[in-house]
Amino acid sequence: MAIKVLHAYRTYFPDPPGGVQEAIRQIALATKAKGIENTIYTLSPNPRPVVLKRPEGVVYRSKSWVAPVSCDIGGVHAYALFRQLARAADLLFYQFPWPFVDTLNVYGGMDRPKVLLFNSDIVRQRYLGAAYAPLMWRTLRSVDIIVATSPAYAKTSPVLSSPELRKKVRVIPLGIDEHTVEGGPDHGVYSRLGLEAGEPYFLFVGVLRYYKGLQYLIEASKDVAAKIVIAGSGAESQNLVQQAADTGSRNILFAGQVTDTEKRALYEGAQAVVLPSHLRSEAFGMVLVEASMYGKPMISCEVGSGTSFVNNDGETGFVVEPASPLALTSAMNALLHDLSMRHEMGAAARQRYERLFSGPALGRAYAQLFDEVLS
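Cut-off values and rules
Residues numbered from 1 in each chain as written. Predicted model: local features only at pLDDT ≥ 70, side-chain atom pairs only at ≥ 80, totals over all residues. Heavy atoms only, no water. Phe/Tyr/Trp six-rings, centres within 6.5 Å; stacked < 30°, edge-to-face > 60°. Helix = DSSP H or I, 4+ residues; strand = E, 2+ residues; numbered from the N terminus. Buried < 20%, exposed > 50% of the residue type's maximum accessible area, 1.4 Å probe, protein only. Salt bridge = Lys/Arg side-chain N within 4 Å of Asp/Glu carboxyl O. 1 Å grid on protein atoms, 1.4 Å probe; cavity = no way out; pocket = protein on both sides within 12 Å on 5 of 7 lines; lining within 4 Å. Points joined across faces, edges and corners; volume = space filled by probe spheres on them. Nonpolar A, V, L, I, M, F, W, Y, C, P; charged D, E, K, R; others polar. Core = buried A, V, L, I, M, F, W, Y, C linked by side-chain atoms within 4.5 Å. Contact = heavy atoms within 4.5 Å. Pairing = 2+ DSSP bridges. Axes fitted to C-alpha atoms, helices over the stretch in contact; angles between N-to-C directions. Right-handed = clockwise from strand over helix to strand, strands pointing away. Polar contact = N/O pair within 3.5 Å; in protein donor to acceptor, adjacent residues only side chain to side chain.

Trainee: What should I look at first to understand the packing of aromatic side chains in this one?
Mentor: What describes a pair of aromatic rings is the distance from one ring centre to the other and the angle between the planes of the rings. Tallying each qualifying case throughout the model produces 18 aromatic pairs. Their ring planes at 65 degrees and their centres at 5.1 Å tell us that Tyr79 and Phe100 sit as a pair that is edge-to-face. With Tyr79 in helix H2 (residues 76–88) and Phe100 in helix H3 (residues 99–108), this pair connects stretches of sequence that are 21 residues apart. Phe100 gets classed as buried once you look at its relative accessible area, which sits at 4%. Residues Phe93 and Phe370 carry aromatic rings whose centres are separated by 6.0 Å and whose planes lie at 85 degrees to one another, so their mutual orientation is edge-to-face.

Trainee: Is there a simple way to think about the pattern of salt bridges in this case?
Mentor: Between side chains of opposite charge, a pair can form as their charged atoms come close. Enumeration over the complete set of coordinates arrives at 15 salt bridges. Across the pair Asp121 and Arg280 runs a salt bridge, and its minimum N-O distance is 3.2 Å. On the criterion of sequence distance, the pair formed by Asp121 in the loop between strand E7 (114–118) and helix H4 (126–142) and Arg280 in the loop between strand E13 (272–275) and helix H11 (286–293) is long-range, its members being 159 residues apart. With respect to burial, Asp121 and Arg280 carry one shared label: buried. One salt bridge in this structure joins Lys227 and Glu199, with 3.0 Å as the shortest N-O distance. You can see Lys227 sitting in strand E11 (residues 227–231) and its partner Glu199 sitting in the loop between helix H7 (188–193) and strand E10 (201–205), a full 28 residues away along the chain. It is possible to trace a salt-bridge network through shared partners that takes in Glu178, Arg350 and Glu354.

Trainee: Where do I start with the environment of Val224 in this structure?
Mentor: If you trace the backbone, Val224 turns up in the loop between helix H8 (214–221) and E11. Linking Val224 and Leu328, residues 104 residues apart in sequence, is a C-alpha distance of 9.6 Å.

Trainee: So what exactly am I meant to see when it comes to the layout of surface pockets here?
Mentor: When its volume is computed, the second largest pocket comes out at roughly 190 Å³. Around the second largest pocket, the lining residues are Lys4, Val5, Leu6, Glu37, Asn38, Thr39, Val58, Tyr60, Gln84, Leu85, Ala88 and Ala89. Across the lining of the second largest pocket, the residue classes break down as seven nonpolar, three polar and two charged.

Trainee: Would you mind going over the nonpolar core with me for this structure?
Mentor: Among soluble globular proteins, nonpolar side chains are generally buried collectively. Among the nonpolar cores identified, the biggest contains 80 residues, and Phe93, Phe202, Leu203, Val229, Leu266, Met332 and Tyr366 are the most heavily contacted of them. The contacts of Leu203, once residues within four sequence positions are left out, are Val229, Ala231, Leu266, Tyr267, Ala270, Ala272, Val273 and Val274. Among the nonpolar cores identified, the runner-up in size contains 41 residues, and Val20, Leu85, Tyr94 and Tyr132 belong to it.

Trainee: Can you help me understand the sheet that holds strand E14 (residues 298–301) in this one?
Mentor: Strand pairing within a sheet occurs via backbone hydrogen bonds; the two strands may be parallel or antiparallel. What the six strands build is an open sheet, ordered E12-E11-E10-E13-E14-E15; its pairing is parallel. Edge positions in the sheet fall to strand E12 (252–256) and strand E15 (317–320), since each of these pairs with one other strand and no more. Each adjacent strand pair in this sheet contributes to an overall mean axis angle of 20 degrees, direction not counted. Of the pairings in the sheet, the one linking E13 to E14 comprises three bridges and is parallel in character. Each bridged residue has a counterpart across the sheet, and for Leu275 the counterpart in E14 is Ser300. With respect to the sheet, helix H10 (residues 260–269) is in contact with E10, E11 and E13, its orientation differing from that of E10 by roughly 140 degrees.

Trainee: Whenever I open this one, the pairing of E11 confuses me. Can you help?
Mentor: Both faces of the sheet carry side chains from a regular strand, because those side chains alternate between them. Taking burial as the measure, the five residues of E11 include five buried ones, the bulk of the element. Where burial is concerned, the two faces of E11 agree: the one with Lys227, Val229 and Ala231 and the one with Ile228 and Ile230 are both buried. Note: E10 against E11, five bridges, orientation parallel. The partner of Tyr201 across the bridge, within E11, is Lys227. Between E10 and its parallel partner E11, the chain crosses via H8, and the hand of that crossover is right-handed. As judged from the four bridges shared by E11 and E12, these two strands associate in the parallel manner. From the neighbouring strand, Ile228 faces E12, where its bridge partner is Ile252. A crossover connection joins E11 to the parallel E12 through helix H9 (residues 237–247); in handedness this β-α-β unit is right-handed.

Trainee: I keep staring at unusual backbone geometry and nothing clicks. Help me out?
Mentor: Backbone geometry follows two general trends: most residues other than glycine have a negative phi, and most peptide bonds adopt the trans configuration. The step from Arg48 to Pro49 runs through a cis peptide bond, and the omega angle for that step is 5 degrees. Along the chain, Pro49 falls in the loop between strand E2 (37–44) and strand E3 (51–54). Here the residue pair Phe96 and Pro97 is connected by a cis peptide bond, since its omega of 0 degrees sits within 30 degrees of zero. Of note, Pro97 is situated in the loop between strand E6 (91–96) and H3. The backbone of Ala323 shows a phi angle near 60 degrees, a positive value even though the residue is not glycine. Relative to the helices and strands, Ala323 resides in the loop between E15 and helix H13 (325–336).

Trainee: For this particular structure, what's the right way to read the environment of Ser64?
Mentor: Mapped onto the secondary structure, Ser64 falls in strand E4 (residues 57–66). Overall, the relative accessible area of 8% leaves Ser64 in the buried class. Note: C-alpha distance between Ser64 and Tyr9 (55 residues apart in sequence) is 12 Å. Leaving out residues up to four positions away in the same chain, Ser64 has contacts with Leu43, Ser44, Pro45, Asp72 and Ile73. Reaching out from Ser64, the side chain makes a polar contact with the side chain of Asp72 at a distance of 2.7 Å.

Structure representation (structure tokens):
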């Protein structure tokens, strides 16, 4: 009999994607290859149809009535649906943080074994975090295993490092199965952005959020003799475009939201991938895993999270001081002017991907974890 796992998170495909949704998809695909049956429970502003069949598993959706501070909340149907699905599962798999799932756990968690993937501490919403703390701790105490995505995060998180929880923490990094990347590279994105054939450029990919540190990358660009492509959209888009205009940063190219095939072309042609996130809200950095998959060196900042686990300083790229345009400039110029360094670091990144972040590595780790919990 296949192990039946019920994943629960506030939103899922085909609604607008994010890092956690992709993490669930990759875990489900990787464990499916190990014979595990995955079901995904989620909320949606428009949950029609309610049931979706996808390659990674069956998705069940209930109505998201409101989403304060990105915390989707459902109604009576959401509780009933979760309880029904939980009853049919062998193991429940929660994503943290999502306060609504804490209430689902109280109502419908029953006596099922539970795993919780700890994506990030609550960093910004301090007052809401304090109000949420009693419910959060009730959930953390109730689960059998808590997964941290890197040793650094397990060690530095004030929650995960607490004596009460430390014994139930396991470390499994996030990953990507490269065979799930569909379609060849769309090189038309180069002409769209005004890039000449073979022209050197650095690449940022991600949602343009407050903690991504892009203001420091724009400042650093003035002393780098290469283009810098910023691919993505988000709340900071307008501010960043205005900053680039005000500072005269003519080598910044805003690509906006790119397709998967355009993104693939951008990864393949980049000198290196830059993730200038300067706050701990960047808990892991899936973009760094993608860079590793494409064999690209990386530049990231030391924020005490999993980014410095994916990008091993001096081996797969550079880990620099956060919020420092000078440090970013220095790292970009070092890679720009040293072809052999780029090749060596890119090859090391690819080797690290295969060992730690690939589909087979992810599937093995979670299949063993599920066996441990169920036994």
